[in-house]
Number of protein chains: 2
Amino acid sequence: MQRIEHHASFGGRQEVWQHASTSTGTDMKFGIYLPPKAVAGEKCPVLYWLSGLTCTEQNFITKAGAQQFAAQHNLIVVAPDTSPRGEGVANDEAYDLGQGAGFYVNATQAPWAQHFRMEDYVVDELPALIEQHFPANPMRGISGHSMGGHGALTLALRHPGIYKSVSAFSPIVAPTQVPWGQKALKAYLGDDATAWKQHDAVELVTSATERLPLLVDQGDADEFLVNQLKPELLKAACDRAGHPLTLRMQPGYDHSYYFIASFMGDHMAHHARALKAG
Amino acid sequence: MQRIEHHASFGGRQEVWQHASTSTGTDMKFGIYLPPKAVAGEKCPVLYWLSGLTCTEQNFITKAGAQQFAAQHNLIVVAPDTSPRGEGVANDEAYDLGQGAGFYVNATQAPWAQHFRMEDYVVDELPALIEQHFPANPMRGISGHSMGGHGALTLALRHPGIYKSVSAFSPIVAPTQVPWGQKALKAYLGDDATAWKQHDAVELVTSATERLPLLVDQGDADEFLVNQLKPELLKAACDRAGHPLTLRMQPGYDHSYYFIASFMGDHMAHHARALKAG
């Protein structure tokens, strides 16, 4: 584990670390915000943030404005890279497959299976590392944007009991039904669409055993709303299943970090309440 | 004038515009945040933000987290590019001269004099454009970071009565005494050091006719503190001249936007009070 950046931020510290990951077999980077209480050595809950297509660990920490609220609530916020990277790692010329587009699954298909194990990385390896090296208590929340909103919803639904809070901005709620998801899940998991359904929030809500409340914000001027995001499918599935969902359509907002920053305070308060931060 | 970006942000709008500048003879870009009242057509005061070396109009609008506070106070915030740019514009391989390093002066020396007229652009052309095209009232504040902190302090001191509030993060307070400033002022203004003094905040404070209070934040872990920034020189000059200065040394903070974001709320409140925003 090597610290490659550190900056004072809102009375706490924004850091970036790099380590050799056993899940992906590559070096992985993550951002971590340590609020004032954590800097002072007191154990704090951890919010995991999953970014969207093309992002690295940098986008969230530089653009989302989360540190201010993490400091207020004394929440640690961990933001990993979105995929394995490097010369020996499979890739694709398209922005929506390969490096920068891990979709938070463990790939089973060549050439992806060797390194693309982002579910193991996010759910198991990274939290163990965080709890070992930082003043983190075991209370965990998860959030993310777009592909990372898909990651937050599906990982929370696939691993009941692990996450005490979940939220998403502009998530891909039904990857089995939209082009981004169909392309990635076919590449990473193969032709059998039943495997894809295990990574589709709309499918998972239907059979969820734990009724973890979902908070979702979605801009109604989002350029990907109609073809890729389709929040109405999540609404219908939650209604059918009796799964608690707060879906907020935000008028005029697009898919950018300007949207995320505008509602970050609400999401951080949502997680802080559930994680008993303070 | 052409709008090239627009995003909903904290109930207002973050936009980027491009226009043919008569000052620089090039196309110039600027970011503008329109708070909720401005979007509704009500005239609001304007804070001009000047960025530092290497920055474009993008750095501040994506990283500083100012929109939240601009929305609260109903302040318009305008963030221009830091220099003229383009193929026909003089440049230098170094990051601290030429494109991205205009230093907010009107250059008098070849090859810079043709396009590098950032003082005219920021003080005259841009505000006229803003007041013509947006719901801006004539109340103006100015702030900036590093080279832009130098710009904010010197433009406010050189143009008494024009700016009702001024602040700076990590400013170059004495460019005539430090390597960044000596290199740029010599290139843009020539060998005569008396010309440089007209663009040096420490020199200008000494002879200021208007006692506009200065708010300056400076991180004490700033990697440029000792060699380039030297806030103690501004403190001494203000003490001698009886010029009101609030200089806050912020323990542990560096030169980055993480520092700027951490204290942006204080600066926006400072400007909002003086500009009667609300």
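Small disclaimer: the values here were computed from a predicted structure and weren't measured.

Student: Describe in detail the overall build of chain A, supporting the description with residues and values.
Tutor: Along chain A, the regular secondary structure elements total eleven helices and nine strands. Relative to the 2.2 N^0.38 estimate, which gives 19 Å for 278 residues, the radius of gyration of chain A is 17 Å and therefore close to what a compact globule would have. By its C-alpha atoms, chain A is 50 × 40 × 35 Å across when sized along the principal axes. Considering only intrachain contacts with a sequence separation of at least 6, the fraction spanning at least 24 residues in chain A is 71%. The positive charge centre, built from 21 side chains, and the negative charge centre, built from 28, are 6 Å apart in chain A.

Student: How would you explain the relation of the copies chain A and chain B if you had to name every residue and give the values?
Tutor: Superposition of chain A onto chain B requires a rotation of 180° combined with a translation of 0.0 Å along the rotation axis, giving an RMSD of 0.0 Å. Interpreted geometrically, this transformation is the action of a two-fold axis. Taking C-alpha positions as the reference, the residue of chain A nearest the rotation axis is Lys63(A), at 2.6 Å. Both copies present the same face, since 100% of the interface residues in chain A are matched by interface residues at the equivalent positions in chain B.

Student: So, helix α4 (residues 118-133) of chain A: which residues are in play, and what are the values?
Tutor: Along α4(A), the sharpest change in direction is near 35° and occurs at Glu125(A); proline Pro127(A) comes one to four residues later. Buried residues of α4(A): Met118(A), Glu119(A), Tyr121(A), Val122(A), Val123(A), Glu125(A), Leu126(A), Pro127(A), Leu129(A) and Ile130(A), and no others.

Student: I'd like a rundown of the environment of Arg273(A), residues and numbers included.
Tutor: Position of Arg273(A) among the secondary structure elements: in helix α11 (residues 257-274). Remark: the alpha-carbon pair of Arg273(A) and Lys164(A), spanning 109 residues in sequence, is separated by 9.9 Å.

Student: Any details on the side chain of His7(A)? Residues and values, ideally.
Tutor: Structurally, His7(A) is set in strand β1 (residues 2-9). The exposure class assigned to His7(A) is buried, which follows from its relative accessible area of 13%. Side chain to side chain, His7(A) and Asp254(B) meet in a polar contact 2.7 Å long.

What counts and how
- The residue numbers shown here count from 1 along each chain, following its written sequence.
- Throughout, the order in which chains and ligands are written sets their labels, letters from A for the former and numbers from 1 for the latter.
- Selection of residues for local features in this predicted model requires a pLDDT of at least 70, selection of side-chain atom pairs for listing and counting requires 80 or more, and totals for whole chains, interfaces and linings are taken over all residues.
- In computing side-chain properties, one takes all heavy atoms of the structure into account and sets aside hydrogens as well as water.
- Starting at the N terminus, helices and strands are each numbered in turn, a helix being any DSSP run of H or I of at least four residues and a strand any DSSP run of E of at least two.
- For the radius of gyration, the atom set is restricted to C-alpha positions; the globular benchmark scales as 2.2 Å times the number of residues to the power 0.38.
- Here, two residues are considered to be in contact whenever any of their heavy atoms come within 4.5 Å of each other.
- His is not counted, nor are the chain ends, whereas Lys and Arg count as positive and Asp and Glu as negative.
- By convention, charge coordinates are those of NZ in Lys, CZ in Arg, CG in Asp, or CD in Glu.
- Least squares is the method for superposing the copies, and the C-alpha atoms it fits come from residues with pLDDT of at least 70 in both.
- Two axes enter the bend calculation: one fitted to the seven residues ending at the residue in question, the other to the seven starting there, and the bend is the angle between them.
- Buried residues are those whose accessible area, probed at 1.4 Å on protein chains only, stays under 20% of the maximum for their type, while exposed residues exceed 50% and partly exposed ones sit between those limits.
- Pairing of N or O atoms within 3.5 Å defines a polar contact, subject to two protein rules: one partner must be a possible hydrogen donor and the other a possible acceptor, and residues neighboring in sequence count only if both atoms are side-chain atoms.

Bear in mind that shape data such as this cannot, by itself, settle questions of function.
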